[in-house]
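# Examining the three-dimensional arrangement
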Amino acid sequence: RSQRRALARLRRAGLVEEASPGTATLTPAGRSRATTISEQRMLWSLWLRHGTSSLVPAGAEPTPWTIGSLLGHAGAAELRERAGVEAAPDG
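Let us look at the structure shown here. (Residues numbered from 1 in each chain as written. Predicted model: local features only at pLDDT ≥ 70, side-chain atom pairs only at ≥ 80, totals over all residues. Heavy atoms only, no water.)

## Examining the overall build of the protein chain
We count it as follows: In DSSP terms, a helix is any run of H or I states spanning at least four residues, a strand is any run of E spanning at least two, and both are numbered starting from the N terminus. Throughout, a residue-residue contact means that at least one pair of heavy atoms, one from each residue, lies within 4.5 Å. In this count, Lys and Arg are taken as positive residues and Asp and Glu as negative ones, while His and the chain termini are left out. The location of each charge is read from NZ of Lys, CZ of Arg, CG of Asp or CD of Glu.
Scanning the protein chain for helices and strands turns up three helices and two strands. Taken from the N to the C terminus, the helices and strands of the protein chain come in the order α-β-β-α-α. Residue pairs in contact within the protein chain that sit at least 24 positions apart in sequence constitute 36% of those at least 6 positions apart. One way to put it: in the protein chain the 12 positive side-chain charges average out to a point 15 Å from where the 8 negative ones average out.

## Looking at the environment of arginine 82
Topologically, arginine 82 is positioned in helix α3 (residues 67–83). When the C-alpha atoms of arginine 82 and leucine 46 are compared, they prove to be 9.0 Å apart, with 36 residues separating the residues in sequence.

## Quick look at the pattern of salt bridges
When the charged atoms of two side chains lie near each other, side chains of opposite charge can form a pair. Which entries qualify depends on this criterion: A carboxyl oxygen of Asp or Glu within 4 Å of a side-chain nitrogen of Lys or Arg is what we treat as a salt bridge.
By the definition in use, this model includes two salt bridges. Its salt-bridge partner being arginine 80, residue glutamate 39 comes within 1.9 Å of it at the nearest N-O pair. Placement of glutamate 39 in helix α2 (residues 28–50) and of arginine 80 in helix α3 is noted, with a sequence separation of 41 residues between them. The shortest N-O distance in the salt bridge between arginine 82 and glutamate 78 comes to 2.6 Å. With a gap of four residues between them, arginine 82 and glutamate 78 both fall in helix α3, about one helical turn apart.

What follows is the structure in structure tokens.
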């Protein structure tokens, strides 16, 4: 029952579509959101392991949801470089 409600919320948000009864697939918007979330989690993990406070603005307190915007493209690239991780492909 809770899975049906969650699936209905995702469908209303345009993130999934029903492929067949009981089976859902990600829409292009859903794939984009999943990629964004994956990137945020990866940056957060890298920051926890390899980051320093010099990568984020003074006074900022990064969270898993804000780390990407706080680092910006250059900071994220520097963090990936420090950790030896390549950027995720676009798309």
